[in-house]
Each structure stands twice: as C-alpha cells, then as structure tokens.
Amino acid sequence: MKKTLLYFTFLISSISWSQQIPFVRCATTNAIDYQESITPGYKSLVEQAFNNAKALQVNPESKSSSLYTIPVVVHVVYNIAEENIPDSVILDQIRVLNEDYNRLNPDTVNMRSDFDIVKGNPRIHFKLAEIDPNGNPTTGITRTATATTSFGSLAFLGGDMTDLEKVKSTADGGIDPWDQSRYLNIWVCDMSIFGVTALLGYATPPAGLPNWPPGSSGTLGDGVVIQYQAFGSNNPNQIGQGIVVKGRTPSHEVGHYLGLRHIWGDGDCTAEDGIDDTPNADAQSNTDCDPSKNTCTDNIQGVDLPDMIENYMDYSSEDCQNSFTAQQVSLMHGVLELQRYDLVHGNPALVTEQTISLSVYPNPASQILKIQTTEKLKSIRVYDIRGNAFSPPVDDLNLNVHELSAGVYFLQIETESGGIATTRFIKE
Ligand SMILES: [Zn+2]
C-alpha cells in the first residue's frame, strides 16, 4: 500500500461508563502523533535498506533455513494464578512465531492465490534466551508476582501509555527489561480495564525508520507487551468477545518491533504503510475474515489486489492471518542489519550460536574469501541481504567471490553434525 497519511489508530470518541469498554487489537500506533509526511534526512543506510525492500524478488530457495536467530526473554508478570501462564503456553508461542516467520505455518495453503506475486518468507528464528545478561544459564522466562491487578487503564485509550509501561519497570510493579540490544523482551500481563479485555498487545518499532513518523517509539521501553490470554495457541484462558487466539498477536506485534506497520497505514485509502507490495486498504475497524473486501484501488504488478486479510499486519481475525509480503520481509531484514544488528549478530544470549567456530577473511573481500572453522562441513551457502542465494566456486575453504556484485552477504555453513552458523561479509 503506497500511502501518504497516517493517524492515531484508534481515536475513541466520548466514552461514557454506560458504554462497553472499547476493544483495541493493537496499540502500537497509539503512541505516535498525527504526521502528514515523512521527514527526510534519515541515514542513507536506512534508506538503502528500504530501497532493497522495494526491489525484493521472492526467492523459492529461501525456505531452506533461517537467516537470523532472535533471542527472546518472556517476562510473565502476574497478579492472579491464571495470569501466570505455564511454560507449555510460552513454548507453544515460540513455536507459532517460528512457523509464521519461516512460512511453515500449515494455513499458508489458505492464502488466496491473488497474493502469490507478493508473498514472502522472513526466515527468522526465535529462541528463548539461553544466557541471561549476567552470563548465567537461563530458561529465557522470568516470572514476577505483582500487586498490580492490571496495567491497563482508561488513560491508554487516549494515548497515554504510562500505566501500561509500568510492566517494564521493577520499581513500578513489573520487571526491568534485559539488555534491549541483545534480547527481544516480551512482557505478558493483564491489561484489562475493570476486568474487560481491552487491548491485545503493543510494540515499539526501532527509531528512525523512514516508513514511520519521527518519534514513533517515543519514550516507550523497547519490546513487546501481550495480554496474557492472547499468548500461545493453547492458552487455557479465553478472551471471549468472539476473539480467536492462535498466537498471532505476538506475530503481529513482533512485526511492528521489526519495523512493519499496519498494512492499511492507519488511515484511509490515502494513508501509507511505506511498503509497495501490500495491497491498499481503507481504515480497519473490525476483525473479520471477509474475502470480498477490496476497499481501495491499487496497482501491484498491474493488478488491483483485494484487501489482504491474510497479512499478519492486518486487523483481521487470527483465523485468516497466514502471510507476510516479500517487501515486508525485506524491510524486517534491513532492520536486523541496521537498527537491530546486535540482536542477531554475535549475540552472547544464545549458547548454540557460540559453539561453532566460524570466521572469514579478508573482510571486505574482492577475490578470495577464506573460511576459518574447526568444523567438518556438510554445505556452504551464500545469501545476499534480500535472501537471494548464490553459489560462488569454492575450493577447500577458499570461496571465490570475484563474480559477486559489491554488497553485504551472509555465509552460512552447515556442519556434518547438523549445526548451522552464519557470518556476514562484504564484497567490495
Ligand atoms: Zn498493530
């Protein structure tokens, strides 16, 4: 959807106590101000990543393995027992994220063929952290009993996130984040208002992305917050209100965390999500799965596509969400190479990333890239930042990169014992 405007996602007018508390699917854009245009002057690297997104071609080989692994810490903050969700629900949520972010979710078969021309596979793996910020082994799960009965409040309906943000502070009844450059922090708590589920989740996009208005992350603590009933596909706690829970609220919020916006651009047909291959759509208010919707005219590779209710970044029911687009994928990859680089490169939060020795030199390289590893190798793969695979000639551990275009690449090795390690190199 190529759009130019956005606005406050859910301006709620005149709430009175005789009315039902409004239900908000996602409050990510609640923290941002109305902004008519994108401010120029962002770092050229960011713009380059964005341009890469627009140039992406889907690579059929890209299902083979994940390109990135993100360490996750799940902070369960509970006041009553049912909010203290069991490990089985957390593990199931990680499974859902890994399916959705590797296009391995079985319901991709439900994606209408209209979207074959735009579908994409992020190839991002999520793993509960194995090492905590102090260097000690961890399950990647923290549990905090709190006296706070709910972090929700009427104030957030007007855009004031202060009460919600308390879950991110030990001093305020929540728990402090782990190093946000090294861990994806996900807080799971109750955000209901007077016992009514009012919000499923919100997240912080990285600062400085050209498809978001300046100051989008504002002063919010970096990470994702999820209503406790909306976590996992096997959660014993139901939301009710006709809300289907299949673990897609975290898939949606992590999309924001990696830079994606709602595909309707938080506005009408003139609003912009900054992604060219997401079909244009009008403001979304309901959570249905209506395949007949085509609220705005667009032209994507010559086609006016219907509203993409299959997209994780839509407000459609979790029943019909099953896909990202190729350019959404490329933008997320750009974010992982720039704003969230330390999250996925050389991260000490994961043991398994450390056990395989792999380095390359010289780097940058123009002719021969020498691979240094003590492992016995089964295969060597080379990808560019967009996920395109290359097969440069390799002689023993000498990779001939002469024919590659200048740019950033990933070298991934698979060892005979089944381990995978990835490093980054630059062809000059
Ligand atoms: Zn959202």
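Reading guide: rules and limits
- Residues numbered from 1 in each chain as written.
- Predicted model: local features only at pLDDT ≥ 70, side-chain atom pairs only at ≥ 80, totals over all residues.
- Heavy atoms only, no water.
- Helix = DSSP H or I, 4+ residues; strand = E, 2+ residues; numbered from the N terminus.
- Buried < 20%, exposed > 50% of the residue type's maximum accessible area, 1.4 Å probe, protein only.
- Areas by Shrake-Rupley, 256 points an atom, 1.4 Å probe, with all protein chains shown as cover.
- Disulfide = S-S within 2.5 Å.
- Salt bridge = Lys/Arg side-chain N within 4 Å of Asp/Glu carboxyl O.
- Axes fitted to C-alpha atoms, helices over the stretch in contact; angles between N-to-C directions.
- Parallel < 35°, antiparallel > 145°, perpendicular 65-115°, else oblique.
- Left-handed = near helix turned anticlockwise from the far one by under 90°.
- Contact = heavy atoms within 4.5 Å.
- Pairing = 2+ DSSP bridges.

**Comments concerning the overall build of the protein**
Thought 1: A tally of helices and strands in the protein yields 8 helices and 16 strands.
Thought 2: A burial count over the protein gives 55% of its 428 residues as buried.
Thought 3: Summed over its atoms, the accessible surface of the protein is roughly 17,100 Å², and 50% of this surface lies on carbon and sulfur atoms.

**Some details on the state of the cysteines**
Thought 1: If you walk through the whole model with that rule in mind, you get 2 disulfides.
Thought 2: Disulfide pairing is shown between Cys269 and Cys296; the S-S distance is 1.8 Å. Torsion about the S-S bond of the Cys269 and Cys296 cystine: about -85°, corresponding to left-handed handedness. Remark: Cys296 occurs in the loop between helix 5 (248-257) and strand 8 (324-325) and Cys269 occurs in the loop between helix 5 and strand 8; sequence separation between them is 27 residues.
Thought 3: Assessed through its relative accessible area of 28%, Cys269 is described here as partly exposed.
Thought 4: Across the disulfide, Cys289 is cross-linked to Cys320 (sulfur-sulfur distance 2.1 Å). Where Cys289 bonds to Cys320 through sulfur, the torsion about that S-S bond is close to -90°, and the disulfide is left-handed.

**Looking at the pattern of salt bridges**
Thought 1: The full count for this structure, using the stated rule, is 14 salt bridges.
Thought 2: A salt bridge links Arg95 to Asp92, with the nearest nitrogen and oxygen atoms 2.9 Å apart. Of this pair, Arg95 and Asp92 both sit in helix 2 (residues 87-100), separated by 3 residues, roughly a single helical turn.
Thought 3: Under the relative-accessibility criterion, Arg95 is labelled partly exposed at 36%.
Thought 4: The closest approach of N and O atoms between Glu99 and Arg95, which form a salt bridge, is 3.0 Å. Of this pair, Glu99 and Arg95 both sit in helix 2, separated by 4 residues, roughly a single helical turn.
Thought 5: Within the structure, one salt-bridge network assembled from shared partners comprises Asp92, Arg95 and Glu99.

**What to know about the packing of helix 2 against helix 5**
Thought 1: With their axes 9 Å apart at the nearest point, helix 2 and helix 5 run at an angle of 55° to one another. With respect to their mutual orientation, helix 2 and helix 5 come out oblique. As for the relative orientation of helix 2 and helix 5, their crossing is right-handed in sense. Only Arg248, Pro250, Ser251 and Val254 of helix 5 make contact with helix 2, whose side of the interface consists of Gln93, Val96, Leu97 and Asp100.

**Points about the pairing of strand 7 (residues 224-227)**
Thought 1: Burial along strand 7 is two-sided: the residues Val224 and Ile226 and Val225 and Gln227 are all buried.
Thought 2: Both strand 6 (residues 201-203) and strand 7 contribute to a ladder of 3 bridges, which runs antiparallel. Of the residues in strand 7, the one forming a bridge with Gly201 is Ile226.

**Topic: the sheet that holds strand 13 (residues 394-395)**
Paired through backbone hydrogen bonds, the strands of a sheet run either parallel or antiparallel to each other.
Thought 1: The strand order across the open sheet formed by 4 strands is 9-10-14-13, and the pairing between neighbours is antiparallel. Because the sheet does not close on itself, it has two edges, and the strands there are strand 9 (359-361) and strand 13.
Thought 2: As paired strands, strand 13 and strand 14 (residues 398-400) are joined by 2 bridges and run antiparallel to one another. Looking at strand 14, one finds that Val394 is bridged to Leu399.

**Let's talk about helix 5**
Thought 1: Judged by how many residues are buried, helix 5 sits mostly within the fold: 10 of 10 residues are covered.
Thought 2: Among the residues making up helix 5, those that are buried are Arg248, Thr249, Pro250, Ser251, His252, Glu253, Val254, Gly255, His256 and Tyr257.

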